[in-house]
Amino acid sequence: MDLRIFTEPQQGATYDTLLTVAKATEDLGFDAFFRSDHYLKMGSGDGLPGPTDAWITLAGLARETKRIRLGTLMTAGTFRLPGVLAIQVAQVDQMSGGRVELGLGAGWFEDEHKAYGIPFPKEKFGRLEEQLEIVTGLWATEPGRTFDFHGTYYDLKDSPALPKPVQPKIPVLVGGHGATRTPKLAAKFADEFNMPFASVEDSERQFGRVRAAAEEAGRKGDDLVYSNALVVCVGSNDQEVARRAAAIGREVEELKLNGLAGSPAEVVDKIGRYAAIGSRRIYLQVLDLGDLDHLELISAQVQTQLP
């Protein structure tokens, strides 16, 4: 089971804060540092000092880390033209020596689009499918050849399809709860399917849908990595769990129900239930980025207990 650190910087974080967390992620033996792609805070709090851009952040981290994988859950398809995104991600892959992964989603948070003047199209899923086709197609085009695409939403002609990533294939993540279109999209384009903030039972059902869609598309169901994203709140005792829950404005029992919360033994047990239904990777949503002791505890007493 891989454990990855997943941050939500739109809630309030500087690049320096994210760098500190990424370096701790690397030093403590976690597999990867991922971040959300949002420009506006959600819920309570002031969001200060303001948003940081996902791919600018990852470019910086690519030069200041050495081992960990770097990526997004999920890059918003509404924020960037697919040709530009392919260039950005390939460049960050070069800057990192081949450690980048791309989670790409349709985009959903309308308020952040209004706040920064970003168009928020009605038909997002069809655009996402074309974006995945374009991004992966550009990367896969052999050097010296050109790439063309003529779709409903995007049109590319005689693209040199440069630059190329370092990796022969950058892993692509698709995720979500949709019962029909999402599994088909994952089956067509994804190396990994991520189920965000879902129970073991709901994850098992969705993983089954994705496996079935993959087999229908001519792939093996286990060609994909299956993963979950879950909020994390671990403490060495009940008081520490309660303190960490209060720091992120959540209730302990709610966190235990909907995330990974409690003692290290409780969290190891719950991770085991996700592993039993085929999840091979957990993105730990860390909401208090100033609490590095939390990461140290998870590394020492959770990560070491996992097979």
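Scroll up to find the structure this text is about.
Residues numbered from 1 in each chain as written. Predicted model: local features only at pLDDT ≥ 70, side-chain atom pairs only at ≥ 80, totals over all residues. Heavy atoms only, no water.

Chemist: Lay out helix α5 (residues 125–140) in plain terms, naming residues and giving numbers.
Modeler: In this model α5 runs 23 Å from its N-terminal to its C-terminal C-alpha over 16 residues, within 8% of the 22 Å that 1.5 Å per residue would give. Within α5, burial applies to Phe125, Gly126, Leu128, Glu130, Gln131, Leu132, Ile134, Val135, Gly137, Leu138 and Trp139. Looking at the buried side of α5, the elements it contacts are α3 (82–96), β5 (100–105), β6 (147–150), β7 (155–159), β8 (172–175) and α6 (181–189). (Helix = DSSP H or I, 4+ residues; strand = E, 2+ residues; numbered from the N terminus. Expected span 1.5 Å × (residues − 1). Buried < 20%, exposed > 50% of the residue type's maximum accessible area, 1.4 Å probe, protein only. Contact = heavy atoms within 4.5 Å.)

Chemist: Can you lay out the packing of aromatic side chains for me, pointing to particular residues and giving the numbers?
Modeler: For the structure shown, the criterion picks out six aromatic pairs. Consider the rings of Phe207 and Tyr226, whose centres lie 5.2 Å apart with planes at 55 degrees: the pair is tilted. With Phe207 in helix α7 (residues 200–216) and Tyr226 in strand β10 (residues 225–234), this pair connects stretches of sequence that are 19 residues apart. The residues Phe207 and Tyr226 share a single accessibility class, namely buried. Through pairs of rings, three or more aromatic residues link up here, namely Tyr39, Phe79 and Tyr116. (Phe/Tyr/Trp six-rings, centres within 6.5 Å; stacked < 30°, edge-to-face > 60°.)

Chemist: Any details on the packing of helix α1 (residues 15–27) against helix α2 (residues 54–64)? Residues and values, ideally.
Modeler: The relative placement of two packed helices is expressed as an angle between their axes plus a distance between the axes. Contact pair α1 / α2: the axes reach a minimum separation of 10 Å and the direction vectors enclose 45 degrees. On the basis of the axis angle, α1 is oblique to α2. Pair α1 / α2 crosses with right-handed handedness. Residues Tyr15, Leu18, Leu19, Ala22 and Lys23 of α1 touch α2, and the partners they reach there are Thr57, Gly60, Leu61 and Glu64. Looking at the contact of α1 with α2 residue by residue, the classes come out as five nonpolar, two polar and two charged. (Axes fitted to C-alpha atoms, helices over the stretch in contact; angles between N-to-C directions. Parallel < 35°, antiparallel > 145°, perpendicular 65-115°, else oblique. Left-handed = near helix turned anticlockwise from the far one by under 90°. Nonpolar A, V, L, I, M, F, W, Y, C, P; charged D, E, K, R; others polar.)

Chemist: Give a detailed account of the packing of α6 against α7, specifying residues and quantitative values.
Modeler: Remark: α6 packs on α7, axes separated minimally by 8 Å, with the N-to-C direction vectors making an angle of 50 degrees. Between α6 and α7, the interaxial angle falls into the category oblique. In terms of crossing hand, the pair formed by α6 and α7 is right-handed. The segment α6 lies against α7, with Thr182, Pro183, Lys184, Ala186 and Ala187 engaging Gln206, Arg209, Val210, Ala213 and Ala214. Grouping the amino acids of the contact of α6 with α7 by side-chain chemistry returns six nonpolar, two polar and two charged.

Chemist: Report on unusual backbone geometry, specifying residues and quantitative values.
Modeler: Looking along the chain, the bond that leaves Leu48 and enters Pro49 is cis, with omega of 10 degrees. Relative to the helices and strands, Pro49 resides in the loop between β2 (32–35) and α2. Of note, the bond from Leu73 into Met74 is cis; its omega dihedral lies within 30 degrees of zero at -25 degrees. Examined against the element boundaries, Met74 turns out to sit in the loop between β3 (69–72) and β4 (75–76). The phi dihedral of Ala161 is positive, around 55 degrees, even though this residue is not glycine. Within the secondary structure layout, Ala161 lies in the loop between β7 and β8.

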